[in-house]
Amino acid sequence: MDRLRKILLYGGLTKEEFTHVKENCDHYNIIALKGLLPIIMWVFLIMFMINAVAHFENTPTQIVIGITSMALVVERFVFAMLLEDKPQRVTLCMYIGMATLYLMTIIQSMVQPSLPTVGFVVLLVALPIAFTDIPIRQIIAGSFASALYIILSYHFENSQIALFDSIEVIMFLFIGTMASVFLIPSRIQAFYQDYHMRLLSEIDLLTGIKNRNCYEKDIQSLQGDLPPIFVIVYVDADGLHSLNNEKGHHAGDEMLIHIAHTLRNHFGEAHTYRLGGDEFVGISFNDEIDEVSHKMKIIAQQLMDEGIHISYGISTGQRQDLIEDVIRDAEHLMYKQKRAYYAHTVHDRRQREARI
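These numbers were taken from a predicted model, which means no experiment stands behind them.

As for the overall build of the chain
For the chain, the helix and strand inventory stands at 12 helices and four strands. Considering only residue pairs separated by 6 or more positions, the chain has 72% of its internal contacts joining residues 24 or more positions apart. Per element, the accessible surface of the chain, about 19600 Å² overall, is 63% carbon and sulfur.

Take a look at the structure:
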């Protein structure tokens, strides 16, 4: 029962897992909206022209098909405007489009009660397959449209045709429901598998922040979309090798995890990276270099109080700069600070040895 609930609510995933694939579902549905609606629009336009020539006297049918065609044309442009600045509206646009198609085919069937309800039952099966959303919403939408069709059919059609159409609608609703229950979860779970594989390729498994592979991809994509001013922080964990030798690799891993999480808390998940070993990079697009310098002093002191020392370099760049050059400058400053730290450490150790 719990498995069925997960399938109906989140396509077989947990709620948290589904949030990771929602963007994929939205992208898929945007493509379906842009591809499916024009096709249906042209089908209705062709039907309108054929009907106008073959059945000129059937004015109600012409009006319905004409209104449907105009509605789909208007929806096409309205959806384009809505989705241009807020793609998250795709689910709303999707169900508005589905409701329009259901309603227009229902009205057409009522206007021509002698004809079979081919258009409506095709939609009952086609729409759940064409779009990707949690199955329960698609089932509710199809069920509501089917109930409306059956109620109106007994009002506008004779009882025998209404009964036949009701049986046909229920049968195709069942097929559409099965499509929602079996096909849509498979698609959603395939999206999650893609997300999981991408996560493995872009996330550092030890620390949970972005890895070097993701860093290199992001740096390439950021170059063409840099803000007027940005700041790069290059961080290195001092004493990792000694800590591994003295207390074991588990202690070294804990230190790296703690540094990674501290940097992520300050620079955000999107722009905090572990480049490998004991090196990290943080990118800030919102702060001036003085603010970042103050922030890093706080971070360094916080870690120092916990027995962890880091060396870091900070460099700022502008939109016209190459981000690789700014990173290189920050790395150079980090190594300069690191050499000074080790030189001071060696000097202190020699003084202690001399006193002994």
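Observations regarding helix H10 (residues 249-267)
Residues separated by three or four positions in an α-helix point in the same direction, a consequence of the helix having 3.6 residues per turn. Helix length check: H10 (19 residues) gives 27 Å between terminal C-alpha atoms against 27 Å at 1.5 Å per residue, within 8%. Turning to H10, its buried residues number three or more, namely Ala 251, Gly 252, Met 255, Leu 256, Ile 259, Ala 260, Thr 262, Leu 263 and Phe 267. Buried residues belonging to H10 abut strand E1 (229-237), helix H9 (240-247), strand E2 (272-276), strand E3 (279-284), helix H11 (289-305) and strand E4 (310-318). Positive phi shows up at Gly 268, right after H10, with a value of about 90°.

Focus: the packing of aromatic side chains
This model, assessed by the stated rule, comprises seven aromatic pairs. Judged by centre distance (6.0 Å) and plane angle (45°), the rings of Tyr 10 and Phe 18 are tilted. A relative accessible area of 7% means that Phe 18 is categorised as buried. Each ring, one from Tyr 192 and one from Tyr 195, has its centre 5.7 Å from the other, and the planes form 40°; the classification is tilted.

Describing the sheet that holds E3
Across the sheet, which stays open at both edges, the four strands sit in the order E2-E3-E1-E4 with antiparallel pairing between neighbours. A strand with exactly one partner marks an edge of an open sheet, and here the two such strands are E2 and E4. Neighbour to neighbour, the strand axes of the sheet diverge by 20° on average, direction disregarded. Here E1 runs beside E3; their pairing, made up of six bridges, is antiparallel. The residue of E3 that forms the bridge with Tyr 234 is Val 281.

A closer look at the environment of Ser 143
Considering the arrangement of structural elements, one finds Ser 143 in helix H6 (residues 135-156). A relative accessible area of 29% places Ser 143 in the partly exposed class. When the C-alpha atoms of Ser 143 and Ile 170 are compared, they prove to be 8.9 Å apart, with 27 residues separating the residues in sequence. Reaching out from Ser 143, the side chain makes a polar contact with the backbone oxygen of Ile 139 at a distance of 2.8 Å.

What counts, and where the lines are drawn
- Here the residue numbering is sequential within each chain, running from 1 through the sequence in written order.
- At least 70 in pLDDT is required for a residue's local features to be given in this predicted model, at least 80 for side-chain atom pairs to be given and counted, and no such filter applies to totals for whole chains, interfaces and linings, which use all residues.
- Side-chain numbers come from the whole structure's heavy atoms, not from hydrogens or water.
- To qualify as a helix, a DSSP run of H or I must reach at least 4 residues; to qualify as a strand, a run of E must reach at least 2; elements of each kind are numbered from the N terminus.
- Here a residue-residue contact requires only that any non-hydrogen atoms of the pair lie within 4.5 Å.
- Only the protein chains shown count as cover for residues, and the accessible areas themselves come from Shrake-Rupley with a 1.4 Å probe.
- Residue count minus one, scaled by 1.5 Å, sets the expected span of a helix.
- Think of it in three bands: with a 1.4 Å probe and only protein chains considered, a residue is buried below 20% of the maximum accessible area for its type, exposed above 50%, and partly exposed in between.
- Only centres within 6.5 Å qualify two rings of Phe, Tyr or Trp (six-membered ring in Trp) as a pair; their planes then separate them into stacked at under 30 degrees, edge-to-face at over 60, and tilted for everything else.
- The criterion for strand pairing is that DSSP finds at least two bridges linking the strands in question.
- Where helices are involved, their axes are fitted lines through C-alpha atoms of the stretch in contact, as for all axes, and angles between N-to-C directions lie from 0 to 180°.
- Identification of polar contacts relies on pairs of N or O atoms within 3.5 Å, with a donor-acceptor requirement for protein atoms, meaning one able to donate a hydrogen and the other able to accept it, and with residues adjacent in sequence counted only if both atoms are side-chain atoms.

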